[in-house]
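Listed below are the residues making up each chain.
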Amino acid sequence: MALPKVIIQLYPMFPSDGEEGRKANRGMGNNPDTYQWIVHEWTEIVKACEELGVWGMSTIEHHLHSEGYEIGPNPGILNAHWASQTSKIHVGALGYVMATRDPMRVAEETAIIDHLSKGRFFCGVARGYQKRWTNIIGQFSDTPATTIHGTEDDKKNREIFEERVEMLLKCWQQESVRLEGKHYEAPYPLETGVEGYPAWKIAREAGVEGEIDDKGAVQRISVVPKPFTKPHPPVFVAVNKSPEAIRFCAKNNLNPTYFMTTEGMTEFIDLYVDESKKYGRNLIRGQQQNMVRWPHITKTAEDYDRKLLEYDLDIYKNFYGPFFPYWPQGGKSDSEHIQDIKNSGFFVGGTVEESIKQWRSTYEQVPAEYITLIFHWAQQPKDDLLEEIELFMTKVLPELEIPDFAVAAE
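Residues numbered from 1 in each chain as written. Predicted model: local features only at pLDDT ≥ 70, side-chain atom pairs only at ≥ 80, totals over all residues. Heavy atoms only, no water.

*Asks:* Just checking my understanding: could you explain the pattern of salt bridges for this structure?
*Replies:* Oppositely charged side chains can pair when the atoms bearing their charge come close. Evaluated as defined, the whole model comprises 24 salt bridges. With its nearest N and O atoms 3.7 Å apart, the salt bridge here joins Glu 108 to Arg 105. One end of the pair, Glu 108, and the other, Arg 105, are both in helix H4 (residues 103-116), 3 residues apart, so they sit about a helical turn from each other. Of the residues examined, Glu 108 reaches a relative accessible area of 28% and is grouped as partly exposed. Judged by its relative accessible area of 57%, Arg 105 is exposed. The partner of Arg 360 in a salt bridge is Glu 399, with the nearest N and O atoms 2.2 Å apart. (Salt bridge = Lys/Arg side-chain N within 4 Å of Asp/Glu carboxyl O. Helix = DSSP H or I, 4+ residues; strand = E, 2+ residues; numbered from the N terminus. Buried < 20%, exposed > 50% of the residue type's maximum accessible area, 1.4 Å probe, protein only.)

*Asks:* What's the story with a nonpolar patch on the surface in this structure? I'm lost.
*Replies:* Among the surface-exposed residues, Leu 64, Ile 136 and Ile 137 lie close enough to one another that they form a single nonpolar patch of about 250 Å² accessible area. Summarising the element assignment, Ile 137 is placed in helix H5 (residues 131-137). (Patch = residues over 30% accessible without salt bridge, like charges linked within 9 Å, V, L, I, M, F, W, Y side chains within 5 Å. Areas by Shrake-Rupley, 256 points an atom, 1.4 Å probe, with all protein chains shown as cover.)

*Asks:* Quick question: what am I supposed to make of the packing of helix H6 (residues 152-173) against helix H8 (residues 243-252) here?
*Replies:* Each packed pair of helices is defined by two parameters, the angle between the axes and the distance between the axes. Contact geometry for H6 and H8: axes closest at 12 Å, N-to-C directions at 10°. In terms of orientation, H6 and H8 fall into the roughly parallel class. The handedness of the crossing between H6 and H8 comes out as right-handed. Contact with H6, carried on its side by Arg 158, Phe 161, Glu 162, Val 165, Glu 166 and Leu 169, involves Glu 244, Ala 245, Phe 248, Lys 251 and Asn 252 of H8 and no other residues of that element. Within the contact of H6 with H8, the residues separate by chemical class into 5 nonpolar, 1 polar and 5 charged. (Axes fitted to C-alpha atoms, helices over the stretch in contact; angles between N-to-C directions. Parallel < 35°, antiparallel > 145°, perpendicular 65-115°, else oblique. Left-handed = near helix turned anticlockwise from the far one by under 90°. Contact = heavy atoms within 4.5 Å. Nonpolar A, V, L, I, M, F, W, Y, C, P; charged D, E, K, R; others polar.)

So this is what it looks like as structure tokens:
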């Protein structure tokens, strides 16, 4: 038996005294002094997590939140820095919002990070759900964002996302590529190739065969460097209520990352195993799968309520609620909202004993090779955060044995 691999996912939150404090300091996301201490304290947390035996550290890609929620515009830069400061912990992002990204640029950037970390990099990819910035930054693709499964916006977003993720995989693995999709193509224009390249002669003779045609036009693209990890770094895909996403992950041997309740995961983890069999991979239940939860481990039950109030209520009420209507949002008073958070199925908390009981119950239903723990840091102070992570690693995690997937696969 083995233990799940733990990923700590920090949502970089500019701290405030709740919703009213955020309003009183409107535009706080523009404060460089706050970000200065956040970004350097972040490295201290990464180093501490490495010493605690955490498998991976990750962050998000979100943009343009002047109110100070989730200031995470460039995960790659952070991953490269963390890699330079550590030697064991994996670094990554959950994840690159591919519908707003050039797949070749992502392939280049992530391959470099994989080399800098000497194979300690993992690549997360996500569809994006916030029109406020996905439609602005992704305007070259005219991609919509949505949180409602099955709508036309949702279908178009998925179409663009899947097209670009498959292009990313090709760029990593193939010596040269022609990327011909509905929403992206390369070389551009695809019909003629890139004509008039002055150095075509040496490129044709010294580059990858087939890149340059006899007329000197660029007809194929070699995306370099290739990753350190073969065939490519592990890829995690954010999943929320979508069986199509599970089938896509199984087809491409990617790791589904469940932003879902335990009940919702039950069907999907079996679907992933069944779909993987179609592609010749015999997986054990939970293998190559990643469960996401928001935890708090506290000294008392009352302290759990306090942490939810101080660290989570603002973002749950004002940020998660408007985007994800299936999260309970019936409360009016703070205490009612706190109960909504507890009822959501995404938060796990209480004393060590209560936390162990909840995690055991969850793992009896949905074992997973990876656990991603999300914290609203720096709304939650560093020392308090690290105390919770240490309690999870030393008290809770040892109670969550799973099959040794590496041995079972042999």
